[in-house]
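Residue-level listing of the chains:
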Amino acid sequence: MIEARQFVEAARERGFHWYAGVPCSYLTPFINYVLQDRSLRYVSMANEGDAVALIAGIALGGAPGAPASQHGRGIAMMQNSGLGNAVSPLTSLTWTFRLPVLLIVTWRGQPGVPDEPQHALMGPVTPDMLRTMEIPWELFPTEGEAIGPVLDRAVAHMTETGRPYALLMQKGTVAPYALAPSEIVNGAGPGTFAAAVVQDYGGDAVDRPSRRAALQEVIARTPSDSSVVLASTGFCGRELYALEDRPNQLYMVGSMGCVLPLALGLALARPDLRVLAVDGDGAALMRLGALATAGAYGPPNLRHLLLDNGVHDSTGGQATVSDHVAFGAVAAACSYADALDTDRLESIGTWLSAPDLRGPRFARLRIRSGTPDGLPRPSMTPFEVKRRLMQHIAAAAGAA
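This is a predicted model, so every value here is computed, not measured.

(A) Highlighting the packing of helix α1 (residues 4-13) against helix α2 (residues 28-35). Packing of α1 against α2 brings their axes to within 9 Å, and their N-to-C directions diverge by 60 degrees. One way to sum up the angle between α1 and α2 is to call them oblique. Crossing hand, α1 versus α2: right-handed. Contacts between α1 and α2 involve Ala4, Arg5, Phe7, Val8 and Glu9 from the former and Pro29, Phe30, Tyr33 and Val34 from the latter. For the contact of α1 with α2, the class distribution of residues is seven nonpolar, no polar and two charged.

(B) Inspection of the packing of aromatic side chains at higher detail. Counted under the stated rule, the structure contains seven aromatic pairs. Ring centres 6.3 Å apart and planes at 75 degrees place the aromatic pair Trp107 and Trp137 in the edge-to-face group. Highlighted residues: Trp107 in the loop between β4 (102-106) and α6 (122-132) and Trp137 in strand β5 (residues 137-139), separated in sequence by 30 residues. By relative accessible area, which is 10% here, Trp107 ends up buried. A relative accessible area of 25% places Trp137 in the partly exposed class. Summarising the aromatic geometry, the rings of Tyr241 and Tyr251 are spaced 5.7 Å apart at their centres and angled 80 degrees between planes, so their arrangement reads as edge-to-face. Within this pair, whereas Tyr241 is found in helix α9 (residues 235-243), its partner Tyr251 is found in strand β9 (residues 249-251), the two being separated by 10 residues in sequence. Looking at Tyr241, the relative accessible area reads 15%, which means it is buried. The buried category is assigned to Tyr251, whose relative accessible area is 5%. The cationic tip of Arg163 hangs over the ring face of Trp95; the distance from NZ or CZ to the ring centre is 3.8 Å.

(C) Focus on the layout of surface pockets. In this structure, the second largest pocket encloses a volume near 290 Å³. Residue lining of the second largest pocket: 20 residues in total, with Thr233, Gly234, Gly280, Val311 and Asp313 positioned closest to the centre. Residue assignment for the lining of the second largest pocket shows that the elements contributing at least two residues are α9, β10 (274-280), α11 (281-286) and β12 (311-312). Here the residues of the lining of the second largest pocket are counted per class, giving seven nonpolar, nine polar and four charged.

(D) Just the side chain of Arg12, in detail. With respect to the helices, strands and loops of the structure, Arg12 is situated in helix α1. A distance of 2.4 Å separates a polar atom in the side chain of Arg12 from a polar atom in the side chain of Asp37. When residues no more than four places from it in sequence are discounted, the contact partners of Arg12 are His17, Asp37, Ser39 and Leu40.

(E) Just the pattern of salt bridges, in detail. By the definition in use, this model includes 21 salt bridges. Between Arg211 and Glu239 there is a salt bridge, with its nearest N and O atoms 2.8 Å apart. Of this pair, Arg211 sits in helix α8 (residues 211-220) while Glu239 sits in helix α9; the two residues are 28 residues apart in sequence, bridging distant segments of the chain. Like Glu239, Arg211 is buried. Between Asp338 and Arg361 there is a salt bridge whose closest N-O contact spans 2.5 Å. Within this pair, whereas Asp338 is found in strand β14 (residues 338-342), its partner Arg361 is found in strand β15 (residues 361-366), the two being separated by 23 residues in sequence. Given a relative accessible area of 17%, Asp338 falls into the buried group. Salt bridges here are not isolated pairs; linked through shared partners, they connect Asp308, Asp323, Asp341, Arg364 and Arg366.

(F) Up close: empty space enclosed by the protein. Summed over all chains, the structure comprises one cavity of 30 Å³ or more. Size it by volume and the largest cavity reaches roughly 40 Å³. Around the largest cavity, the lining residues are Arg221, Thr222, Arg274, Leu276, Arg303 and Leu352.

(G) Region of the structure containing the sheet that holds β9. Spatially, β7-β14-β15-β11-β10-β8-β9 is the arrangement adopted by the seven strands of the open sheet, whose pairing is parallel. Both outer strands of the open sheet, β7 (197-200) and β9, are each paired with one neighbouring strand and no more. Sheet twist, expressed as the average angle between the axes of neighbouring strands with direction ignored, equals 15 degrees. As paired strands, β10 and strand β11 (residues 302-308) are joined by six bridges and run parallel to one another. By the bridge assignment, Gly280 is partnered in β11 with Leu307.

(H) Just the pairing of strand β8 (residues 227-231), in detail. Within β8, five of the five residues are buried, which leaves it mostly tucked inside the rest of the structure. With burial as the criterion, each face of β8 is covered, one bearing Ser227, Val229 and Ala231 and the other bearing Val228 and Leu230. Both β8 and β10 contribute to a ladder of five bridges, which runs parallel. Residue pairing for β10: Val228 is matched across the bridge by Val275. Pairing of β8 with β9 involves three bridges; the strand directions are parallel. Its bridge partner being in β9, Ala231 is matched across the sheet by Tyr251.

What counts as what
Residues numbered from 1 in each chain as written. Predicted model: local features only at pLDDT ≥ 70, side-chain atom pairs only at ≥ 80, totals over all residues. Heavy atoms only, no water. Axes fitted to C-alpha atoms, helices over the stretch in contact; angles between N-to-C directions. Helix = DSSP H or I, 4+ residues; strand = E, 2+ residues; numbered from the N terminus. Parallel < 35°, antiparallel > 145°, perpendicular 65-115°, else oblique. Left-handed = near helix turned anticlockwise from the far one by under 90°. Contact = heavy atoms within 4.5 Å. Nonpolar A, V, L, I, M, F, W, Y, C, P; charged D, E, K, R; others polar. Phe/Tyr/Trp six-rings, centres within 6.5 Å; stacked < 30°, edge-to-face > 60°. Buried < 20%, exposed > 50% of the residue type's maximum accessible area, 1.4 Å probe, protein only. Lys NZ or Arg CZ within 6 Å of the ring centre and 35° of its normal. 1 Å grid on protein atoms, 1.4 Å probe; cavity = no way out; pocket = protein on both sides within 12 Å on 5 of 7 lines; lining within 4 Å. Points joined across faces, edges and corners; volume = space filled by probe spheres on them. Polar contact = N/O pair within 3.5 Å; in protein donor to acceptor, adjacent residues only side chain to side chain. Salt bridge = Lys/Arg side-chain N within 4 Å of Asp/Glu carboxyl O. Pairing = 2+ DSSP bridges.

In short, the description is geometric, and any link to function would need to be established separately.
In structure tokens:
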């Protein structure tokens, strides 16, 4: 058995300053220790996939060749019962873009260890799931002298491949560590709701702007030297690329619904950049809990623009349920600093150019469905797009 301090301090020495996850009783000592150290950050996530995406955003903001404290290294923690929630970002975000994440996965239902019935299947198949996703893993260290070598193997793999590494934690591995009552939330401000949702609608659905027009407004108001644009999967990223391929843009593929936690991680890691997450209604609905996390932890340099056309455009135009969702009210209830609900392109232009507030800003733009014929795919691979973005923001930091 080890102490939480032993692992966390050894991880700190290797550049791990960020933690995100969903609690498990096995993880309690780690979470409690990190919460009570103001030089570390723990972000409480709505689900395990969001935790992976947030730490991927931290990695995206790292500076290659910089000191360990600036490497953008983080740890996503979860119970193995939630590993299924993380499959999408682990297979189509971190693997595809090569964004390294250290995973601590608790091994509930480990064969031979009595546990609750809901873990009876997941326990035996957990190692196979990790292997199938091409995530190397080993057991979490149970002795102090093993911690350093374990972390060194993890860092070596992540540095060489740019992909995740997992530590599988058995029951009784870490000694208890108490949580002071005043330290329950680390990094999230007090719950303060936006004063009101600004609703600004002007006409019929047929008069709504196109996605192309909305993205042109985005390009015009996001200078490449001081902002980053992360575009959601599907036609959103492809159309942004077709309009203008800039080094401060990243085009998501797969990992549907993960653009917001990815952007949140980047915004937290790089407060010098304005980070814009361009979301879609279908994607946002898939991981709606991410709005609560963004509202609680989101910094002033994070903006969330939801382009809502009411359909899954890239799969044939099947309707979403966005007509029944007051996204602006949801963002306000989740403590975004402000929330705009509109179908006016000029209102979005004003919103994009407005100064930062005390926290993240949200806007939903109702757009019409439809996509130009022959929409191209990026000529660069996702990894090349990511590498270009990281080089660009590293250069921007150096210039500043």
